[in-house]
Structures are given as structure tokens and as C-alpha cells.
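Reading the structure
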Amino acid sequence: MIQRSASLKREALLPFWRRQMAACPQTRPNNRQLDNTQHEDPRTHEGTGESATGSRRQADKGPKRDESAPKQREPDGVRPSRKNTAIAQQKPRGLARKDKRLSTGSWSLLRSTFNVAVVGGGLVGLASARELVLRHPSLTFAVLEKEKELACHQSGHNSGVIHSGIYYTPGSLKAKLCVQGAALCYEYCDQKGIPYKQCGKLIVAVEQEEIPRLKALYERGLQNNVRDLRLISAKEIQAKEPFCRGLMALDSPYTGIVNYRHVALSYAEDFQKAGGTVLTDFEVTNMEMAKESPPESTEGLKHPVVVRNSKGEEVYCQHIVICAGLYSDRLSQISGCSPEPRIVPFRGDYLVLKPEKCYMVKGNIYPVPDPRFPFLGVHFTPRMDGSVWLGPNAVLAFKREGYKLFDFSPKDFGDAVLYSGLWKLVSRNLSSGMNEMYRACFLSAQVKQLQKFIPEVTINDILRGPSGVRAQALDSEGNLVDDFVFDGGTGDIGSRILHVRNAPSPAATSSLAIAKMIAKEVEERFGL
Ligand SMILES: Cc1cc2nc3c(=O)[nH]c(=O)nc-3n(C[C@H](O)[C@H](O)[C@H](O)COP(=O)(O)OP(=O)(O)OC[C@H]3O[C@@H](n4cnc5c(N)ncnc54)[C@H](O)[C@@H]3O)c2cc1C
């Protein structure tokens, strides 16, 4: 039985994304980073909250000075506009204290019936819930999230790159939604005053044999309608990135960076303002057709699906959208739908450049990707806080949400090793898998990779950084599923569910475009 609480109403109205930003460990600045006096990038967008075109024009000219802002330099070289002072000034102490109210209280439910419940409070779930409530303000929506805070897994542990859409097979969902999503992401950040930097990206060929692949990538980017792409010479590489060496590069000035957790929390705020309900600390463990109506209901079995959490609390709904990232296969199984494709977790460890060495990297520097793998290879990524991350690598994780090298879950490990698809994948990629493991353990091996691009980088310039775990779908033949996958099920419950089965990178970039697609699909399938 679910209790009602008046305090929930008050909390539900709080613009909590600003406070949650400071509470999340990987977004909290450390002193080292705050001391960083990185170059000011003229392409920095300040998040002025101006109209999209106005702000972009400003970004082209260079950062607009806000004379009312404190003179102190911000960690990312950005002077905050009034609108995003709370984030840019980064006052972790006070903010974290306030945030406790939100993150530690267990939720009591204001209402327990919804037209649609969205499971998963990451970028994809929140963007989809936001899109649905904006399109259907008269219906009721809830986001159910197992953690006490939102966007704590993939959406809060990623490279933060706004991809321009170069890599993906022309005509694929990834290609289409990434190109649309990047434009929507910039527009959204402009509207909301969320800081980003359109700092560009170079994909650099360092070996002769990579040049044909680089040229093919250029053609692919053109087919995908990626903006402003061009191939540049070794001399031009040095003009853009003075410390980077290469034979030829693909220059993508449209690529940018943003703090995606910040974006996710802003989606949540929009959702709540439009009347949506966010229930954190709600781990969905069971879904079934209701045998009777909810206790307080006067509408009979209007909401026939009962969704239960690990504490036995229930919500009733008509339809469910599942965006559970690393657990999307488990949730599919729980709902009686197919466990295939399975999710295989790949951990990615980052290194960070010491603050005094961050001057060596201006924009994103990427290798020419190996076409056999879905991951983009170890890259240099500037962050919004002024730090520079190097990586991530890709090693099989023994725990789905295990962010440390030796994190282990018997269930996750057991599931993985009993899956024939994994063995087929491992047998086909044994040597590259072992190499990745080796590089994960030995810093010197990773540095060697990085020196191919910036020879000056030494082992003394880097520190171990955070990690992320990617949810990568794998089929029973051992093939990594390349594109985004959305599907439904059959039967009483299955036909009321839409599953997001595979939403790997660039799903953060694409989240607003994915949300539009999901909303359309929900409308068509469920007749909203
Ligand atoms: C290392 C790394 C680097 C990346 N870099 C980039 C990048 O630079 N650019 C880019 O565009 N993309 C990038 N990505 C990809 C991007 O971050 C993800 O594709 C995106 O965040 C996926 O969002 P999501 O909502 O599907 O998943 P998640 O963010 O993982 O959210 C899923 C949510 O579901 C919740 N959940 C799971 N099970 C349950 C349950 N039973 N009940 C309730 N809730 C549940 C989880 O707690 C979680 O909050 C990167 C990913 C990683 C891991």
C-alpha cells in the first residue's frame, strides 16, 4: 500500500537539476580542476539563454562578457550568465546539503495511476517522458528510477561529446537521429542556458594505411549530411591543434561538448513542470496485469498494468516505455518479452591530463576508428570543467554498474558467461580483447597509444580518472548490435510495452531526436 505525502508535492516542483549536479561525484569539481587556468576558447557558448540563433551568433563571435558576473575565472574558462550561475559557480557544499532532501528521502506516491510509466531516469527515459508530457498535457506520466538520483549511470558517466554524426551507416537510425539530435541538443542548450562548447573535433590518421579509411569516413559523413566537414593536411592539423601530429585529419567543427548529466536533469525539470511525476528509489522488479483496481481508484481497471518495485510498492498504468540502459534485457525478461538481444557491459576507463598539461588539447582529438568495433577508440576530450579526459578503453565488465577494475557481480558474471553470444564474440576478438585488458592495467601501454597523436604526453602528465560502463546489445551469434533498437512484445502486458533495447553512443547526443521517435511510436502503438 502506498502512502501519500504532501512533501512530495513540494519537492516535485523544485528545479532540482541544479542541485543534483553538485551532488554527483563525477560532476563535482575538485580543487585541482578549479585551479586550472585553461585557455579561454573563443568558441565557448556561455549559456546566455538567448534565442538559438542569437546565441549561436554570439558563440561565433566569442564569449559575451557579462560585466555583472564575478571577475574570478571559472574552471572551464566560461563566465556564467545569470541564468546558469548556480552551475558555473559550482558551490558544491551548499548545493549538496540542499540536495540531501531530494536524494535520501524515500518516495511516497502522490498518485499511483498513470497513463504511461517510463522506466529509467537516464537521458533516453527522461527525454522521452518530457516529449510525451509536452505532447499530451492532459495525460499522466511517471518516470520510475531505481537510484536515489537521476542520470547516474551511462548518462552521468560519458565523454560528454555532442557528436556530429560522421561514423554511422548512412540510412541507419544512428545516423539520422544523431544528426537531428545534435542540432536539437544545441538548440535546447541555447534555450535553457546550459553551457556547452562547440570546440570541434579532428579524426586524425597517423599511419598511411588509415588514410583510405579516413577518406571513406569523410564520404560517409557527407552522406549523413554532417555540417562543415573537410579533410585537412598535416600543416592544418598543427594550426588547429599545435601539439597534435598526424598525416591527414577529418575536421568536424560542428562537434561540441556538454555535461550530459546537466542536460538530463534539465529534461527532468521540464517534465515535472509540465505535470510529470518522477519517482526515484523505485526499482522495478515485476510487471503484471492487475487482478483488481488500485485501492483508491474509482475508475475500475482503467490502468490494468501493475508495476511493482523491490519494496513492494505499486503503480498502475496503461502503458510502459522501458529505457533501462544496462538492464534493458532484464526488464524485457521481467515483462515477459524476449531477453534477446542481451546486454553486455563494457567498462571504459578514462585517464585525465594533469591540469598544468591541459593546454596541449584544444578540441576533441580522435583516432580513425577500427571498423570491426563499435567503439570509437581512445580519444582526447576536453570537458566543460576545463579538464581533459583521455580514453575510454573498452574492457568486458564483470558487473553491469561496476565502475572499478575489480567490481564483480556473480549474477552479472554468470549471465554473461552462460550466454553463447558472448563466447562467440570473445573467440572472434580474443587478441584485441587481451590487448585492451593489458592497456587497462598498464598506464604505459595507454600512454603509447596517446603518444601517436600527441608525442609530448608522458606518463608523468596523466592520472587515472573515472570510468563508465556501456550497455552494448549482443545477439546470440556474437554480433554487437550496431544500431539503436526499439521493440514491443506480445501478449497482454507485452503489447502495452515499448522497449528501448539498444541505445549506445551517440544516444546522449541523439536523446531529443530519439524521444521524438519514441513519442510517435507510443502514439501509434498505444493510440494516445
Ligand atoms: C563511457 C561512455 C562514454 C560515452 N560517450 C558518449 C558521448 O560522448 N556522446 C554520446 O552521445 N553518447 C555517449 N555515450 C552513450 C550515452 O551516454 C548513452 O547512450 C546514454 O546515456 C544512454 O542513456 P539511457 O537513458 O539509455 O541509459 P542510462 O543513462 O544508463 O539510464 C538507464 C536508467 O535506467 C535505470 N534502471 C535500470 N534498471 C531499472 C529498474 N529495474 N527500475 C528502475 N530504473 C532502472 C538506471 O538506474 C538508469 O538510471 C557514452 C557512454 C559511455 C558509457
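Residues numbered from 1 in each chain as written. Predicted model: local features only at pLDDT ≥ 70, side-chain atom pairs only at ≥ 80, totals over all residues.

Let's shift gears to the overall build of the chain. For the chain, the helix and strand inventory stands at 18 helices and 21 strands. Here the chain, with 528 residues, has 50% of them falling under the buried criterion. (Helix = DSSP H or I, 4+ residues; strand = E, 2+ residues; numbered from the N terminus. Buried ≥ 20, exposed ≤ 12 C-beta atoms within 10 Å, placed from the backbone.)

Another aspect to go through is the pairing of strand β21 (residues 497–502). Regular strands have side chains that alternate between both faces of the sheet. With 6 of its 6 residues buried, β21 lies for the most part within the structure. In this structure, strand β13 (residues 314–322) lies alongside β21, joined through 3 bridges in parallel fashion. Residue pairing in the sheet places Ile-320 in a bridge with Ile-497 of β21. Relative to β21, strand β20 (residues 485–488) runs antiparallel, the two sharing 4 bridges. Note that in β21 the partner of Gly-488 across the bridge is Leu-498. (Pairing = 2+ DSSP bridges.)

So, on to the packing of helix α7 (residues 123–135) against helix α11 (residues 260–273). The N-to-C vectors of α7 and α11 enclose an angle of 30 degrees; their axes lie 9 Å apart at closest approach. Judged by the angle between their axes, α7 and α11 are roughly parallel. Handedness of the crossing formed by α7 with α11: left-handed. Residues Leu-123, Leu-126, Ala-127, Ala-129, Arg-130 and Val-133 of α7 form the contact with α11, whose own contacting residues are Tyr-260, Val-263, Ala-264, Tyr-267, Ala-268, Asp-270 and Phe-271. Class assignment for the residues of the contact of α7 with α11 results in 11 nonpolar, no polar and 2 charged. (Axes fitted to C-alpha atoms, helices over the stretch in contact; angles between N-to-C directions. Parallel < 35°, antiparallel > 145°, perpendicular 65-115°, else oblique. Left-handed = near helix turned anticlockwise from the far one by under 90°. Contact = placed C-beta atoms within 7 Å. Nonpolar A, V, L, I, M, F, W, Y, C, P; charged D, E, K, R; others polar.)

This part takes up the packing of α7 against helix α18 (residues 507–526). Packing of α7 against α18 brings their axes to within 8 Å, and their N-to-C directions diverge by 45 degrees. Here α7 is positioned oblique relative to α18, judged by the angle of their axes. Crossing angle aside, the handedness with which α7 passes α18 is right-handed. Residues Leu-123, Val-124, Ala-127, Ser-128, Arg-130, Glu-131, Leu-132 and Arg-135 of α7 form the contact with α18, whose own contacting residues are Ala-507, Ala-508, Ser-511, Leu-512, Ile-514, Ala-515, Lys-516, Ile-518, Ala-519 and Val-522. Considering only residue class, the contact of α7 with α18 consists of 12 nonpolar, 2 polar and 4 charged.

Turning our eyes to something else, we now look at the site of the ligand. Neighbouring residues of the ligand: 42 residues in total, closest Gly-120, Gly-122, Gly-325, Gly-468 and Ala-507. Where the shell around the ligand is concerned, the elements lending two or more residues are α7, β19 (462–474) and α18. Across the shell around the ligand, the residue classes tally to 20 nonpolar, 17 polar and 5 charged. (Near = placed C-beta within 6 Å.)

Looking at where Met-437 falls in the secondary structure, it is placed in helix α15 (residues 430–441). Between the alpha carbons of Met-437 and Ala-394 there is a distance of 8.3 Å; along the sequence they are 43 residues apart.

So, on to the confidence of the model for the chain. Per-residue confidence for the chain gives a mean pLDDT of 81; residues scoring 70 or more make up 79%. Note on residues 1–108: pLDDT is under 50 here. Beyond four places in sequence and across chains, it has 175 contacts. (pLDDT = per-residue confidence, 0-100.)

Burial runs high along β13: 7 of the 9 residues are buried. Here strand β2 (residues 113–119) pairs with β13 via 6 bridges, running parallel. In the sheet register, Val-119 faces β13, and the bridge partner there is Ile-322. Where strand β12 (residues 305–309) lies against β13, 4 bridges are found, and the strand directions are antiparallel. The residue of β13 that forms the bridge with Val-306 is Tyr-316. The loop that links β12 with its antiparallel partner β13 comprises 4 residues; one of these, Gly-312, has a positive phi angle of about 85 degrees.

Going from Glu-340 to Pro-341, the amide bond is cis rather than trans, its omega being -5 degrees. For the bond running from Ser-505 to Pro-506, omega is 10 degrees, close enough to zero to count as cis. Tracing the chain through its elements places Pro-506 in the loop between β21 and α18. With a phi angle near 60 degrees, Asp-228 is a residue other than glycine that sits in the positive phi range. Judged by C-beta crowding, with 12 C-beta atoms within 10 Å, Asp-228 ranks as exposed.

Summarising the element assignment, Glu-147 is placed in the loop between β3 (141–144) and β4 (161–162). For the pair Glu-147 and Asp-281, spaced 134 residues apart in the sequence, the C-alpha separation amounts to 4.9 Å. Once residues lying within four places of it in the same chain are set aside, the contact partners of Glu-147 are Cys-152 and Thr-280.

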